[in-house]
2 protein chains.
Amino acid sequence: MLKYEKIVQQMVEYIEVGHFQAGDKLPNVETLKEKYNVSKSTIIKALEKLEKYGMIYQARGSGIYVRNKQREGYLNLFSTGGFSDEMVGLEVTNKVLNINEIKAPESVRQILKLDSNAQVYQLERLIYVDGNILCYEHSYFNKDVVLFLNESIAEESIFKYLEQHLKVKIGFSDIYFTVDKLDDKDAELLKLSKGNPCLKYEQVFYTTTGIPFDCSHLTYHYQNSHFYIPSQK
Amino acid sequence: MLKYEKIVQQMVEYIEVGHFQAGDKLPNVETLKEKYNVSKSTIIKALEKLEKYGMIYQARGSGIYVRNKQREGYLNLFSTGGFSDEMVGLEVTNKVLNINEIKAPESVRQILKLDSNAQVYQLERLIYVDGNILCYEHSYFNKDVVLFLNESIAEESIFKYLEQHLKVKIGFSDIYFTVDKLDDKDAELLKLSKGNPCLKYEQVFYTTTGIPFDCSHLTYHYQNSHFYIPSQK
């Protein structure tokens, strides 16, 4: 665990044990720096993370404020850390349906910016939260970045594996989504009926230097998925 | 227009006229500072905005990169500036159905943290994009912050009015959403059928000092709404 991640944990605890309520002002950066005995840049990085999680809000020239607690069971769309990272306190599991090395389809080649003969990993999974189906995921991975992938890796957190073992620096992602009616295949996978509502979700992940390496299509179970975005002006 | 907003405009132009493609590195802060002849803090603020819009990505210790262009017609959920701000290039209009001063319902009082006898503005609108129904909006405004509101203000951008006339400092917002089936009332308003899919969206806006002032419930037309989130690790 990196130093700033420890500070994040300690500050989450500090806020949660009730010292602070929504709207309360936190000590300033200088005071926090001394309290935790770390550098200013570590505090700034920790505060950025807490802001992303929606725990605090930094008002320019005014101070650092505690925000409302996120509602339980809501998926925070504001981080690219993968499911397990976002669903704190819930048990996230998955079932690999299919994993293959294939020639990249044209649409995927365009998104991942690949040559016409490029191979990709194709993965299909079902994701569960506390035993309930959250979504069906269909992903393609750029083999130039994701050098190796197999079923046992895909059953765990792919992103942890990418960061820790392949040293991939995950940078940012584009999320596109829309609401639609379920088709036959997705309905069967999610154990719902054709025509039921669903959230169709496409996410493209990039490294810190802008290389697209993961193009995922997700279909969310409308009754089991609730989303949260802490937004800032 | 503030100085950094002008820089944002100029940089958008600079990127768009084709000098830079997705994945290209931009000059560093020092160079940009000299190029635009402004302070470092103005450049940093402009870069923050461009990052929020999903136009660039700042990799710590590595540089500033241009991102892919957002797909046309997608609503960027990453800013709290209201619809007109988010749908650049599209014509956003609305129709006020109803505007009243009422005693705040219990659920609204809790979210806006109001006393038991507090009055709120209640507003119902239909929002259109290029003449197509985007969503039905049902909002409540805290009168301690939104001192005055009427139909002609609600027909324009409420947020511009709040910032420019009432000097409200809009800080952050919590967005919660889920997918559902349309009920009778919403189906009629959106000119769809009962049971059709929809996105149910709740957004609570806060001032920079954490005062909740707007609690909005939106029901999106599933065929006319497409969403985009530029996300960062």
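This one's a predicted model, so the numbers in the text were calculated from it and none came from an experiment.

Reading guide: rules and limits
Think of each chain on its own: its residues are numbered from 1, step by step along the sequence as written. All chains are assigned letters beginning at A, and all ligands numbers beginning at 1, according to the order in which they are written. With pLDDT at 70 or above as the cut-off, local features in this predicted model cover only qualifying residues; side-chain atom pairs require 80 or more to be listed or tallied, and sums for whole chains, interfaces and linings still use all residues. Side-chain metrics in this entry use all non-hydrogen atoms of the structure; hydrogen atoms and water are not considered. Any two residues having at least one pair of non-hydrogen atoms within 4.5 Å are treated as being in contact. When two components associate, each loses some accessible surface as probed by a 1.4 Å sphere; the sum of these losses over both components is called the buried area. Take a side-chain nitrogen of Lys or Arg and a carboxyl oxygen of Asp or Glu: if they are within 4 Å of each other, that pair is a salt bridge. Any N or O atom pair separated by 3.5 Å or less is treated as a polar contact, with the protein-specific requirement of one donor-capable and one acceptor-capable atom, and with residues adjacent in sequence counted only for side-chain atom pairs. Secondary structure elements are taken from DSSP: a helix is a run of H or I of four residues or more, a strand is a run of E of two residues or more, and numbering for both begins at the N terminus. Each residue is assigned to one class: nonpolar for Ala, Val, Leu, Ile, Met, Phe, Trp, Tyr, Cys and Pro, charged for Asp, Glu, Lys and Arg, and polar for all the others, Gly among them. Residues enter a nonpolar core if they are buried and are Ala, Val, Leu, Ile, Met, Phe, Trp, Tyr or Cys, with the set joined through side-chain atoms within 4.5 Å. Each residue's exposure class comes from its accessible area (1.4 Å probe, protein chains only) as a fraction of the maximum for that residue type: buried when under 20%, exposed when over 50%, partly exposed otherwise. UniProt positions are given in the numbering used here, feature names are shortened, and annotations may be inferred rather than shown by experiment.

Remarks on the interface of chain A and chain B
Okay, so step 1: Counting residues at the interface gives 52 residues for chain A and 53 residues for chain B.
Okay, so step 2: Carbon and sulfur atoms make up 52% of the surface buried where chain A meets chain B, a total of about 4900 Å² over both sides.
Okay, so step 3: Among the ionic pairs, A:Arg67 bridges to B:Asp174, the shortest N-O distance being 2.5 Å.
Okay, so step 4: Summed over the shared surface of chain A and chain B, the number is 14 residue pairs in polar contact (both at pLDDT 80 or more).
Okay, so step 5: For the side of chain A that touches chain B, the elements supplying multiple residues, two or more each, are helix H3 (40–52), strand E2 (56–59), strand E8 (170–181), strand E9 (197–207) and strand E11 (226–232) of chain A.
Okay, so step 6: Looking at the side of chain A that touches chain B element by element, the count peaks at 12 residues for E8(A).
Okay, so step 7: Considered class by class, the residues forming the side of chain A that touches chain B number 22 nonpolar, 15 polar and 15 charged.

Re the nonpolar core
Okay, so step 1: Within the largest apolar cluster, 49 residues are counted, with the highest numbers of intra-cluster contacts made by A:Phe177, A:Leu199, A:Tyr220, B:Phe177, B:Leu199 and B:Tyr220.
Okay, so step 2: Residues A:Ile7, A:Leu50, A:Met55 and A:Ile56 belong to the second largest nonpolar core, which totals 21 residues.

Things to note about the pattern of salt bridges
Residues and elements named next belong to chain B.
Okay, so step 1: Here the structure, examined in full by the defined rule, presents 12 salt bridges over all chains.
Okay, so step 2: Between Glu-101 and Lys-143 there is a salt bridge whose closest N-O contact spans 2.8 Å. Of the two residues, Glu-101 sits in strand E5 (residues 92–103) while Lys-143 sits in the loop between strand E7 (132–142) and helix H6 (151–154), which places them 42 residues apart along the sequence.
Okay, so step 3: Taking relative accessible area as the criterion, Glu-101 reaches 43% and is therefore assigned partly exposed.

Remarks on the environment of A:Arg109
Residues and elements named next belong to chain A.
Okay, so step 1: Here Arg-109 lies in helix H5 (residues 106–112).
Okay, so step 2: Residue Arg-109 is classed as buried on the basis of its relative accessible area, which comes to 18%.
Okay, so step 3: For the pair Arg-109 and Gln-119, spaced 10 residues apart in sequence, the C-alpha separation works out to 9.4 Å.
Okay, so step 4: Not counting residues up to four positions away in its chain, the partners in contact with Arg-109 are Ala-104, Leu-114, Asp-115 and Ser-116.

Thoughts on unusual backbone geometry
All names here are of chain B.
Okay, so step 1: Phi at Lys-113 takes a positive value of approximately 55 degrees, unusual for a residue other than glycine.
Okay, so step 2: Among the structural elements, Lys-113 can be located in the loop between helix H5 (106–112) and strand E6 (119–129).
Okay, so step 3: You can call Lys-113 partly exposed: its relative accessible area is 46%.
Okay, so step 4: Here the phi dihedral of Lys-191 falls at roughly 60 degrees; this positive angle occurs in a residue that is not glycine.

Quick word on the UniProt feature "domain: HTH gntR-type" (unreviewed entry) in chain A
Okay, so step 1: On the UniProt side, "domain: HTH gntR-type" (unreviewed entry) is annotated at positions that read residues 1–69 of chain A here.
Okay, so step 2: For residues 1–69 of chain A, the helix share is 55%, the strand share is 14%, and the end-to-end C-alpha distance is 24 Å.

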